[in-house]
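# Results of the structural survey
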Amino acid sequence: MSPRRIAAVFVARNREFLRDRSAVAWTIILPVAIVFGFAFAFSGSAPERFLIGVIGIEDTQLEEGEAGLPMLRIDHVEYTAVESLADGRTKLRRHQLDLLLDPADRRYWISDASPSGYLMEQVLRGVSAGGDSGYTREEVPGRTIRYVDWLVPGLLAMNMMFTALFGVGFVIVRYRKNGVLKRLKATPLTAAEFLIAQVGSRLIIITAITSAIFVGSNFFLDFPVYGHWLNLLAVLVLGAICLISLGLIIAARTASEELAGGLLNMMSWPMMFLSGVWFSTEGLHPWLQALATLLPLTHVIDAARGVMIEGQGLVAIAPHLGVLAAMSAVFLAIGAALFRWE
């Protein structure tokens, strides 16, 4: 394996991208427009959504009404089982829950910055005669998290996904269709060297563009970043490698841009809607929630939101990073095994 040949292909691919001004502009302008568009659209109060988390009760009990709680007889309110108090308090801070209920200890929690939580508290008190629910009230303090604050990590991850999948998939398929790969096959360049150069080039491009969009958007929107930026960079790099590797699987043998576009859309659209880009996955069917954990974008978004909104460190996001690293290794192995020059 020759570092010199890898560097030559790496530089050539970067120059090709930078010379395509329309592609560079679209990669930068689209996510910025989406971020500022949503910031303007949701600059007022956040949309109301009533979701109550219940500790110590299974989802099946909630669905079948076997919990025996007066709260569960209220219409137009969704209920979801929560594994632990710590998990429930985290979701309250993120405004993924409006109220957290512990029937065993007769306690409930709300966020002191949530209008929906206040309303659910009044509903809880109203289900008992005299307006006293018998629960002890506790608050979860914290800065109000705007919808755009919660949305920004998902939007940046979504843009990274499209840039990684289509940036690698379409380029290699175009090379194969135009005969570029056939000519490269006649050179001393090996398939491994070519793929390493492609992954490295796209990784540098994604990291640079995403970082620039992040810094520029934060300057105007001032969204919270409670964690260390190096942890966020680790999420960005591992997530980009994983998504680029996924794109290599599609590009390994496909010779038609139309087929490649269909396959890449088949991968990207489920991730965009099931990975929590636009809304929390708490209200999804349990099967869909389980499916979401198999998608790399889910782990990128969850880890990024953990660092930005919760200030989590490497230990807290290590499971997400581990999954991304394992997926990257598997995708790279499959892509390299399937790759053909022609």
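Structure: above.
Here goes a summary of the coordinates provided. (Residues numbered from 1 in each chain as written. Predicted model: local features only at pLDDT ≥ 70, side-chain atom pairs only at ≥ 80, totals over all residues. Heavy atoms only, no water.)

### Considering the nonpolar core
Membership of the largest hydrophobic core comes to 74 residues, with the highest contact counts inside it found for M161, I172, F194, M271 and F339. When contributions to this core are tallied by element, the ones reaching two or more residues are α1 (3-19), α2 (21-41), α6 (147-178), α8 (191-221), α9 (229-251), α10 (257-274), α12 (296-310) and α13 (314-338). (Core = buried A, V, L, I, M, F, W, Y, C linked by side-chain atoms within 4.5 Å. Buried < 20%, exposed > 50% of the residue type's maximum accessible area, 1.4 Å probe, protein only. Helix = DSSP H or I, 4+ residues; strand = E, 2+ residues; numbered from the N terminus.)

### What about the pairing of strand β4 (residues 107-111)?
Where burial is concerned, most of β4 is hidden: four out of the five residues are buried. Pairing of strand β3 (residues 99-102) with β4 involves three bridges; the strand directions are antiparallel. From the neighbouring strand, L101 faces β4, where its bridge partner is Y108. Between β3 and β4, which pair antiparallel and follow one another directly, the connecting turn spans four residues, one of which, R106, has a positive phi of 55°. (Pairing = 2+ DSSP bridges.)

### Digging into the packing of α6 against α9
The geometry of α6 relative to α9 is characterised by a closest axis approach of 8 Å and an angle of 35° between their N-to-C directions. Note on packing geometry: the crossing formed by α6 with α9 is right-handed. Judged by residue contacts, M160, M161, A164, L165, V168, G169, I172, V173 and R176 of α6 engage L236, G239, A240, L243, I244, L246, G247, L248 and A251 from α9. The residue inventory of the contact of α6 with α9, partitioned by class, reads 14 nonpolar, three polar and one charged. (Axes fitted to C-alpha atoms, helices over the stretch in contact; angles between N-to-C directions. Left-handed = near helix turned anticlockwise from the far one by under 90°. Contact = heavy atoms within 4.5 Å. Nonpolar A, V, L, I, M, F, W, Y, C, P; charged D, E, K, R; others polar.)

### Side note on α13
Each turn of an α-helix holds 3.6 residues, which means side chains three or four residues apart point in the same direction. End to end, α13 covers 34 Å across 25 residues, agreeing with the expected 36 Å (1.5 Å per residue, within 8%). Among the residues making up α13, those that are buried are I317, L321, L324, M327, S328, F331 and G335. (Expected span 1.5 Å × (residues − 1).)

### Thoughts on α6
The terminal C-alpha atoms of α6, which comprises 32 residues, lie 45 Å apart, in line with the 46 Å expected from a rise of 1.5 Å per residue. Where burial is concerned, most of α6 is hidden: 27 out of the 32 residues are buried.

### Points about the side chain of E193
Relative to the helices and strands, E193 resides in helix α8. For E193, a relative accessible area of 0% puts it in the buried group. Polar side-chain contacts of E193 include one of 3.1 Å to the backbone nitrogen of T190. Those residues in contact with E193 that sit more than four places away from it in its chain are M1, S2, R5, I6 and P188. (Polar contact = N/O pair within 3.5 Å; in protein donor to acceptor, adjacent residues only side chain to side chain.)

### A word on the pattern of salt bridges
Enumeration over the complete set of coordinates arrives at five salt bridges. Note that E16 and R174 form a salt bridge whose closest N and O atoms lie 2.7 Å from each other. Here E16, found in helix α1, pairs with R174, found in helix α6; they are 158 residues apart in sequence, far enough to count as distant. Using a relative accessible area of 28% as the deciding quantity, one classes E16 as partly exposed. On the accessibility criterion, R174 (27% relative accessible area) is partly exposed. Ionic pairing is found between R107 and D105, a salt bridge with its closest N-O pair at 3.6 Å. The network of salt bridges with shared partners includes R13, E16 and R174. (Salt bridge = Lys/Arg side-chain N within 4 Å of Asp/Glu carboxyl O.)

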